[in-house]
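Close look at the chain arrangement
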There are 6 protein chains.
Amino acid sequence: MKIVVVNPNSNQAVTDGISEALEPYRLTGGPSIECLTLQQGPFGIESQADIEAVTLPLRDLVTERADADAFVIACYSDPGIHVCREAAQVPVYGIQECGALMASSRGDRFGVIALSPASIRRHLRYLRQLQLIDRLAAERAADLSVAESGQGGDTLDRLVEAGVALRDRDSADVIILGCAGMARNRVPLEDRLGIPVIDPTQAAVAMAMGGLLVS
Amino acid sequence: MKIVVVNPNSNQAVTDGISEALEPYRLTGGPSIECLTLQQGPFGIESQADIEAVTLPLRDLVTERADADAFVIACYSDPGIHVCREAAQVPVYGIQECGALMASSRGDRFGVIALSPASIRRHLRYLRQLQLIDRLAAERAADLSVAESGQGGDTLDRLVEAGVALRDRDSADVIILGCAGMARNRVPLEDRLGIPVIDPTQAAVAMAMGGLLVS
Amino acid sequence: MKIVVVNPNSNQAVTDGISEALEPYRLTGGPSIECLTLQQGPFGIESQADIEAVTLPLRDLVTERADADAFVIACYSDPGIHVCREAAQVPVYGIQECGALMASSRGDRFGVIALSPASIRRHLRYLRQLQLIDRLAAERAADLSVAESGQGGDTLDRLVEAGVALRDRDSADVIILGCAGMARNRVPLEDRLGIPVIDPTQAAVAMAMGGLLVS
Amino acid sequence: MKIVVVNPNSNQAVTDGISEALEPYRLTGGPSIECLTLQQGPFGIESQADIEAVTLPLRDLVTERADADAFVIACYSDPGIHVCREAAQVPVYGIQECGALMASSRGDRFGVIALSPASIRRHLRYLRQLQLIDRLAAERAADLSVAESGQGGDTLDRLVEAGVALRDRDSADVIILGCAGMARNRVPLEDRLGIPVIDPTQAAVAMAMGGLLVS
Amino acid sequence: MKIVVVNPNSNQAVTDGISEALEPYRLTGGPSIECLTLQQGPFGIESQADIEAVTLPLRDLVTERADADAFVIACYSDPGIHVCREAAQVPVYGIQECGALMASSRGDRFGVIALSPASIRRHLRYLRQLQLIDRLAAERAADLSVAESGQGGDTLDRLVEAGVALRDRDSADVIILGCAGMARNRVPLEDRLGIPVIDPTQAAVAMAMGGLLVS
Amino acid sequence: MKIVVVNPNSNQAVTDGISEALEPYRLTGGPSIECLTLQQGPFGIESQADIEAVTLPLRDLVTERADADAFVIACYSDPGIHVCREAAQVPVYGIQECGALMASSRGDRFGVIALSPASIRRHLRYLRQLQLIDRLAAERAADLSVAESGQGGDTLDRLVEAGVALRDRDSADVIILGCAGMARNRVPLEDRLGIPVIDPTQAAVAMAMGGLLVS
């Protein structure tokens, strides 16, 4: 069994960070987990135009990879999720959707750390579509680019600042990282905040595994 | 790492069915999965009194098993979920909650097959509390006892009948088995319906694994 | 006709305060109102474990008192409400539920004064289950123990502080006392705030009387 | 203490039926209950124009009756409720609002029996404004005039027919009479249906008593 | 074709400001737009009593003006909207309703500038009835009388102050003027805020035109 | 002033039908209305893949047509609405959004006639995102292709059948045509149903005019 995780941006460092974060999910006897970079993708997905640019390439990839038993689209905007589901013979998981669902099993209200204010409105619109908005405590921006999101140092400090505000001012019980690129900061952020921090790509892979290991 | 799955009723056949359904989740390098029968539990949990009878024994068990890294309460009413979470140092997953969350990653609207009409009102009340009610297509009863739920033959026919109604009349995209005891019927029911069927205990174990495999 | 009001904690002073607050409801020709202390209850109900500890004793009491025409469970967490309703032949009223319903007849949005922050999350979960959460302006904690809640002086000052914030910052039109033990502070608090203050036990008894006086 | 109950239509037989239904609430030591007929009102309130015709006369009445400690507007459309509340120094209760609130203390979902289909849309609009619509199982019309509503025989049969549909098809746990004129049919209807039937005027008077008996 | 716009207050200056703001909608071949002052109306509609005072005069006007193809009730409280719709043979548009609908086509969340705090509660109640409340960012008061609302200078400054708060603190994408009298300030306010500002009377006339120009 | 209406499918007959339906909106002194066919579009937009195929071409068109003062995307799935709004300097209107908003000004609950069952799930998802789903009575499919939608005869009969069910079984007060291609059937359908029928492209153009005619 194989789960194909697609990073829709063309930043290989982001894909590497994702693959590293998924290492614990590669278990003997379990599904293999392959992480791909969408070559046609922009370097970072930061606008609606970036999203639209990858929907059909993702659909093509999903159609071509007939060996996959499940797909994960590893960008927090869940680009192309509906067209990929229409095209695929197997389940397709979006990381925003799965991050919100997994977080809902860990706390009453989840907070989200977004890269930038511009993405928050887009995320909220999608949570409304999913009818999961009532579980949202709040979403706050850390003012980072996709490229910065996987770094430490100042990036971690900004994530901590947003996380503390979500925890203390907005009463969030659990925090979701609002970008696949933030994966490497999950552990240190959770240590600093003292409440669960969800990497949405890990959440999506866990749910994909759950869907496969059912025989 | 160890996940402890507790069947709150004292019917060992139900525990055995649960453990069997979880066999695919026992992977080398992954968490061990131990299935327990709550000795103090009633033979089946079919009333609110049955639920209340197990909340404190579950809390005690959760407190005593300091070796567990996560707990799953394997009864669809999620008995004692709040008191166990208050008591435990580790995550506690309820199968109704996780069944609904996992199903939400597989379709727009989920249908639920309950044992009996009496349990539906209780389940709906809980879905409202979880604010997941808007994802529910409908819940229908198969008119079975807990003991009957794991059998084949007529039991499967009744599950199929309820599933067909949920799929065709209520537009459910995915079906949740509304009792841990139904696990053995997941595969044949999915074959008959042609849409995903979620065993909520499998869903909860997958989410528990997701919470543990985060390095 | 007889209404049995049960204080689920074993603090007789709380029961006495409740009974005193109900004195105006003891009318010639109307139902008698008997206030009981649940001997098996903890001294104060301040945790989920405290709640679970009283559900079955309450159920037993409700079953045994065949002379009652209605029951009121006088703890703001409405412990055991569902199991008591399942067991009783007569109506069972919870004070959180009735407090919210009565307050809804007095203003557009109600505010709640809780004993402690820890209880707020529990209360909100229940208001969501009741689908009355949209009438809530906000809930604020006065940081009091059950034992302190019935005292004056500093206790009243803290209630006033929370009430002023609910009225002025959260636009609450009416305030609910979020603990049966606060009953003695209802009149002075209403005097200080200038908007209606609801004692939820009085509210539940009024609704119980309404259910009985229907000939 | 005095509760003034105003029948906004000019049909004295309706007022008499209301007063008769309130007889059990007239208790020694409790508030007196005076039932008035609004002389300027139409013979039955069956249209939006009928409602608008009584709002200012009700406001005048509320202003003039300075001896009242609470008012109940005994028409299921709650005509003039906002202007009366603006004008009055004391609480003003609407029977649709109180019927829904009282019913919510007796069951998970309430059904409503309306006089005619035309009134249902108006009632639903108001329940949405009150944010109580989520507790509604359904509303069904019995196809009666205000004048017919208080009679027995065929009227009762039609109420039973609507009530059975609400109970069995719509899963209502409790029924609200959607017209003050139906009061005399409450007892026989409850006998026939076997679930609680709420007369909304009784509900409003019970809540008004609850607001007064607080010393 | 003719659209009759009724100003329900008797302040001719308000009617003149409305008519002036509608000048661009008077197109050759399009419907004529006639603006009327309701002579029986109060000088400003600032209370619930003011609203009730105009409902039946509006109904009479709507009934008498058989030459109209559509009516617009140009007061932000949408007084008499239901009774006018009941009476009229042609569509009747309320400006609060149309303002919220038109604003919803221009941004994700709309903010409203009310004259006074007292009117906010009334407006929110109505938005709940319309089930448009979820699109509301917030409503803030500019503390103006109806008479002041159409002036410039200090009035404009107060509108700007409220608008800035709605835009920056409440994340409103579009602003609605919460009084027909504010029409003359729409252009300068939009210039100052840099986001769309909706005059609700213009919105209602545009929607009325849309309903008429369908051949 | 100019409104550019884009038909995202490449079926010129659909564009012609749209332009014809918009003829009454072309008024002397008002904005000109230009109807375009998106040459790159598929012959009909009937799947999610069809939608994704037009999003960037629509964005390009919106960017290139600097002479437009407003755009209307004339496909009921509102393809590319978010990316076009991101790119455009002027307002962009989607016809599903405007159809629902305009219909909300004409009745309490709107019904929608979709081409096919497959499109209903997509439309509902979008109405949830818009938070307009609570105004929906129901959506029913007429089982037509885009090409058939503009014809008469059997097409009209199927629209009438769906419309009657929406009106009588689902209590819709107003009907929305769920495809731009149905425009030519608006008048005969309204005649047959006796309740308002909204052509969503007309609705969007009316709202665009409203946004332009503000001086």
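Residues numbered from 1 in each chain as written. Chains lettered and ligands numbered in written order. Predicted model: local features only at pLDDT ≥ 70, side-chain atom pairs only at ≥ 80, totals over all residues. Heavy atoms only, no water.

1. Some points on the domain arrangement of chain A
All names here are of chain A. Partitioning chain A into domains gives domain 1 (2–95 + 202–213) and domain 2 (96–199). The C-alpha centroid of domain 2 is placed 20 Å from the C-alpha centroid of domain 1. Across the contact, 31 residues belong to domain 1 and 26 residues belong to domain 2. Across the interface of domain 1 and domain 2, roughly 2100 Å² is buried in total on both sides, 53% from carbon and sulfur atoms. Our enumeration of links across domain 1 and domain 2 arrives at 2 salt bridges. One salt bridge connects Glu20 with Arg184, and the closest N-O pair in it is separated by 2.9 Å. On inspection of domain 1 and its partner domain 2, the count reaches 14 residue pairs in polar contact (both at pLDDT 80 or more). For the side of domain 1 that touches domain 2, the secondary structure elements donating two or more residues are α1 (12–21), α2 (48–64), α3 (81–87), β4 (92–94) and α9 (200–212). By residue number, the principal contributor to the side of domain 1 that touches domain 2 is α1, which donates 7 residues. Considering only residue class, the side of domain 1 that touches domain 2 consists of 16 nonpolar, 10 polar and 5 charged. (Domains from an automatic or database assignment. Contact = heavy atoms within 4.5 Å. Buried area = accessible area lost by both parts, 1.4 Å probe. Salt bridge = Lys/Arg side-chain N within 4 Å of Asp/Glu carboxyl O. Polar contact = N/O pair within 3.5 Å; in protein donor to acceptor, adjacent residues only side chain to side chain. Helix = DSSP H or I, 4+ residues; strand = E, 2+ residues; numbered from the N terminus. Nonpolar A, V, L, I, M, F, W, Y, C, P; charged D, E, K, R; others polar.)

2. Thoughts on the interface of chain C and chain D
Reports often express the size of an interface as the amount of accessible area lost when the parts come together. Between chain C and chain D, the residue contacts involve 33 residues of the former and 33 residues of the latter. Summing both sides of the interface, chain C and chain D together bury roughly 2900 Å²; the carbon and sulfur share of this comes to 58%. Counting the contacts that link chain C with chain D gives 0 salt bridges. Here chain C and chain D share 9 residue pairs in polar contact (both at pLDDT 80 or more) between them. Of all elements in the fold, only α4 (95–104), α8 (186–193) and α9 (200–212) of chain C reach the threshold of two or more residues within the side of chain C that touches chain D.

3. What to know about the sheet that holds strand β7 (residues 174–177) of chain D
One key point about sheets: their strands pair by backbone hydrogen bonds, in either a parallel or an antiparallel sense. All names here are of chain D. Taken in spatial order, the 4 strands make up an open sheet running β6-β5-β7-β8, and their pairing is parallel. Each end of this open sheet is capped by a strand with a single partner; those strands are β6 (136–141) and β8 (197–198). Of the strand pairs in this sheet, β7 and β8 are connected by 2 bridges, and their pairing is parallel. Among the inter-strand pairings, Ile176 is bridged to a residue of β8, identified as Ile198. Contacts from helix α4 (residues 95–104) reach β5 (110–114), β7 and β8 within the one sheet, and its direction differs from that of β7 by about 165 degrees. (Pairing = 2+ DSSP bridges. Axes fitted to C-alpha atoms, helices over the stretch in contact; angles between N-to-C directions.)

4. Quick word on the relation of the copies chain C and chain D
Mapping between the two copies of the chain is achieved by a rotation about an axis and a shift along the axis. At an RMSD of 0.0 Å, chain C and chain D line up after a rotation of 180 degrees and a shift of 0.0 Å along the axis. Such values leave the two copies arranged in the relation of a two-fold axis. The share of interface residues of chain C whose copies in chain D are also at the interface is 100%, consistent with both copies meeting through the same surface. (Least-squares fit on C-alpha atoms with pLDDT ≥ 70 in both.)

5. Topic: the arrangement of the chains
With no contact formed, the shortest span from any C-alpha in chain B to any C-alpha in chain E equals 16 Å. Between chain C and chain F there is no contact; the minimum C-alpha to C-alpha separation amounts to 16 Å.

6. Description of the environment of Gly29 of chain F
All names here are of chain F. Along the chain, Gly29 falls in the loop between α1 (12–21) and β2 (32–37). On the basis of relative accessible area, Gly29 is assigned to the exposed category, the value being 60%. Between the alpha carbons of Gly29 and Ala137 there is a distance of 38 Å; along the sequence they are 108 residues apart. (Buried < 20%, exposed > 50% of the residue type's maximum accessible area, 1.4 Å probe, protein only.)

7. Quick look at unusual backbone geometry
The phi dihedral of Asp78 of chain C is positive, around 50 degrees, even though this residue is not glycine. Relative to the assigned elements, Asp78 of chain C resides in the loop between β3 (70–73) and α3 (81–87). In this structure, Ser171 of chain D is a non-glycine residue whose phi angle is positive, near 60 degrees. Of note, Ser171 of chain D is situated in the loop between α7 (154–168) and β7.

8. Section: the sheet that holds strand β7 (residues 174–177) of chain A
In space, the 4 strands of this open sheet follow the order β6-β5-β7-β8 (chain A), with parallel pairing throughout. Each having just a single partner strand, β6 (136–141) and β8 (197–198) of chain A make up the two edges of the open sheet.

9. Side note on α1 of chain A
Residues and elements named next belong to chain A. Residues Val14, Thr15, Gly17, Ile18 and Ala21 constitute the buried set of α1. One face of α1 carries all of its buried residues, which in axial projection span an arc of 160 degrees. On the buried face of α1, the contacting elements are β1 (2–7), β2 (32–37), α6 (146–149) and α9. The residue sitting at the N-terminus of α1 and contributing the capping side-chain oxygen is Asn11; that oxygen lies 3.0 Å from the backbone nitrogen of Ala13. (Arc of directions from axis to C-beta.)

10. Looking at the pairing of strand β3 (residues 70–73) of chain E
Residues and elements named next belong to chain E. Side chains Ala70 and Val72 of β3 all project onto a buried face; the interleaved residues Phe71 and Ile73 project onto the opposite face, where all are buried too. Direction of pairing for strand β1 (residues 2–7) relative to β3: parallel, over a ladder of 4 bridges. Bridged to Val5 within β3 is Val72. Where β3 meets strand β4 (residues 92–94), 3 bridges bridge the pair, whose relative direction is parallel. Paired with Ile73 across the strands is Gly94, a residue of β4.

11. Overview of the packing of helix α5 (residues 117–129) of chain D against helix α5 (residues 117–129) of chain E
α5 of chain E packs onto α5 of chain D with a crossing angle of 125 degrees between their chain directions and a minimal axis gap of 7 Å. If you check the angle between α5 of chain D and α5 of chain E, you find them oblique. The interaxial crossing formed by α5 of chain D with α5 of chain E has right-handed handedness. Residue-level inspection shows Arg125, Arg128 and Gln129 of chain D of α5 of chain D in contact with α5 of chain E, the latter providing Arg125, Arg128 and Gln129 of chain E. (Parallel < 35°, antiparallel > 145°, perpendicular 65-115°, else oblique. Left-handed = near helix turned anticlockwise from the far one by under 90°.)

12. Thoughts on the packing of α4 of chain C against α9 of chain C
All names here are of chain C. Where α4 meets α9, the axes come as close as 8 Å, and the angle between the chain directions of the two elements is 85 degrees. In this view, α4 runs roughly perpendicular relative to α9, as classed from their interaxial angle. Of the residues in α9, those touching α4 at Ile95, Cys98, Gly99, Leu101 and Met102 are Pro200, Thr201, Ala203, Ala204, Ala206 and Met207. In the contact of α4 with α9, the residues fall into 9 nonpolar, 2 polar and no charged.

13. Observations concerning helix α5 (residues 117–129) of chain B
Residue and element names in this part refer to chain B. Relative to the 18 Å expected for 13 residues at 1.5 Å per residue, α5 spans 19 Å between its end C-alpha atoms, a close match to the ideal helical length. Among the residues of α5, Ser119, Ile120, Arg122, His123, Arg125, Tyr126, Leu127, Arg128 and Gln129 are the ones counted as buried. Immediately downstream of α5, the backbone of Gln131 shows phi near 55 degrees, a positive value. (Expected span 1.5 Å × (residues − 1).)

14. Focus on the side chain of Gln96 of chain E
All names here are of chain E. Relative to the elements of secondary structure, Gln96 occurs in helix α4 (residues 95–104). Looking at Gln96, the relative accessible area reads 1%, which means it is buried. Excluding residues within four positions of it along the chain, Gln96 makes contact with Tyr76, Ser77, Asp78, His123, Tyr126 and Leu127.

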